[in-house]
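# Observations on chain architecture
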Amino acid sequence: DTAVSQTPKYLVTQMGNDKSIKCEQNLGHDTMYWYKQDSKKFLKIMFSYNNKELIINETVPNRFSPKSPDKAHLNLHINSLELGDSAVYFCASSRREGGNSPLHFGNGTRLTVT
Amino acid sequence: KNQVEQSPQSLIILEGKNCTLQCNYTVSPFSNLRWYKQDTGRGPVSLTIMTFSENTKSNGRYTATLDADTKQSSLHITASQLSDSASYICVVSVGEKYGNKLVFGAGTILRVKS
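Residues numbered from 1 in each chain as written. Chains lettered and ligands numbered in written order. Predicted model: local features only at pLDDT ≥ 70, side-chain atom pairs only at ≥ 80, totals over all residues. Heavy atoms only, no water.

## Details of unusual backbone geometry
Following T7(A), the chain continues into P8(A) via a peptide bond in cis, with omega recorded as 0°. On the secondary structure map, P8(A) appears in the loop between β1 (4–7) and β2 (10–13). Positioned with a positive phi, K71(B) is a non-glycine residue whose angle comes to about 60°. Examined against the element boundaries, K71(B) turns out to sit in the loop between β7 (62–67) and β8 (72–77). What makes K71(B) partly exposed here is its relative accessible area of 31%. In this structure, A79(B) takes a positive phi of about 45° despite not being glycine. Considering the arrangement of structural elements, one finds A79(B) in the loop between β8 and β9 (86–94). Residue classification places A79(B) among the partly exposed positions, given a relative accessible area of 34%. (Helix = DSSP H or I, 4+ residues; strand = E, 2+ residues; numbered from the N terminus. Buried < 20%, exposed > 50% of the residue type's maximum accessible area, 1.4 Å probe, protein only.)

## A few points about the sheet that holds β1(A)
All names here are of chain A. Read across the open sheet, the four strands follow the order β1-β3-β8-β7; overall the sheet is antiparallel. The two strands at the open ends of the sheet, each matched to only one other strand, are β1 and β7 (64–70). Each strand axis lies, on average, 20° off the axis of its neighbour in the sheet, ignoring direction. Taken together, the five bridges between β7 and strand β8 (residues 73–78) define a ladder with antiparallel strand orientation. From the neighbouring strand, K67 faces β8, where its bridge partner is N75. (Pairing = 2+ DSSP bridges. Axes fitted to C-alpha atoms, helices over the stretch in contact; angles between N-to-C directions.)

## Observations concerning the interface of chain B and chain A
Counting residues at the interface gives 20 residues for chain B and 20 residues for chain A. Between the two partners, chain B and chain A, sit zero salt bridges. On the surface where chain B and chain A come into contact, there are six residue pairs in polar contact (both at pLDDT 80 or more). Going through the elements one at a time, β4 (30–38), β5 (45–51) and β10 (102–104) of chain B are the ones with two or more residues in the side of chain B that touches chain A. Sorting elements by how many residues they give to the side of chain B that touches chain A places β4(B) first, with four residues. Per-class residue counts for the side of chain B that touches chain A are seven nonpolar, nine polar and four charged. (Contact = heavy atoms within 4.5 Å. Salt bridge = Lys/Arg side-chain N within 4 Å of Asp/Glu carboxyl O. Polar contact = N/O pair within 3.5 Å; in protein donor to acceptor, adjacent residues only side chain to side chain. Nonpolar A, V, L, I, M, F, W, Y, C, P; charged D, E, K, R; others polar.)

## What about the sheet that holds strand β1 (residues 4–7) of chain B?
Residues and elements named next belong to chain B. Read across the sheet, five strands follow the order β1-β3-β8-β7-β6 without closing on themselves; strand pairing throughout is antiparallel. Lying at the two open borders of the sheet, with one neighbouring strand each, are β1 and β6 (56–59). Taken over all neighbouring pairs, the strand axes of this sheet differ in orientation by 15° on average, direction set aside. Here six bridges tie strand β3 (residues 19–25) to β8, and the two strands are oriented antiparallel to one another. Bridge assignment links T20 to a residue of β8, and that residue is H76.

Geometric descriptors of this kind do not, in isolation, establish any biological role.
See the structure below:
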């Protein structure tokens, strides 16, 4: 009955590889997000999708590409991984973009690039 | 520049004691203020959301206050339990016409010991 689930929980890979992180929400929410939490614990928005349509794309290298096959899924694909990509990536969803809708987060994917 | 600052950075208290965490923000225009609890290795979980017109909101032993004039919020935890050990993150939402950006604080790490 997990609301927002993301896989894998841990991902260790070498520089230059391509990897994907999957996210699914069963809350019926219209909006999904990807956040990056760095070593200083700040959460930074990367992407926001509303009903499969991209609405926020922060200053993120184009090596990062989100894919939303339907409104319940938002996957994150990363090409040519770099050491600086090491972080915890969180998927989240909300009833709608903005307003007073709380975000529901997944439990994160810890990416380590060696 | 939109910023959210939290204090203290970390805090250790004895089980059963009360504590108060602070959040100051310079976000404008203000839409709402949220408090999230993040357990180690988990995603943040929403505790409260307050709009401009609300100056206090409770969720069990957690009570958040908001002073929109001084741009300050506090999260008061009553009769702390070991399970309250977590990072508490203050998040402020920038107004609608700016695309409802969320500005995150760095969090206060609370440790409750027996």
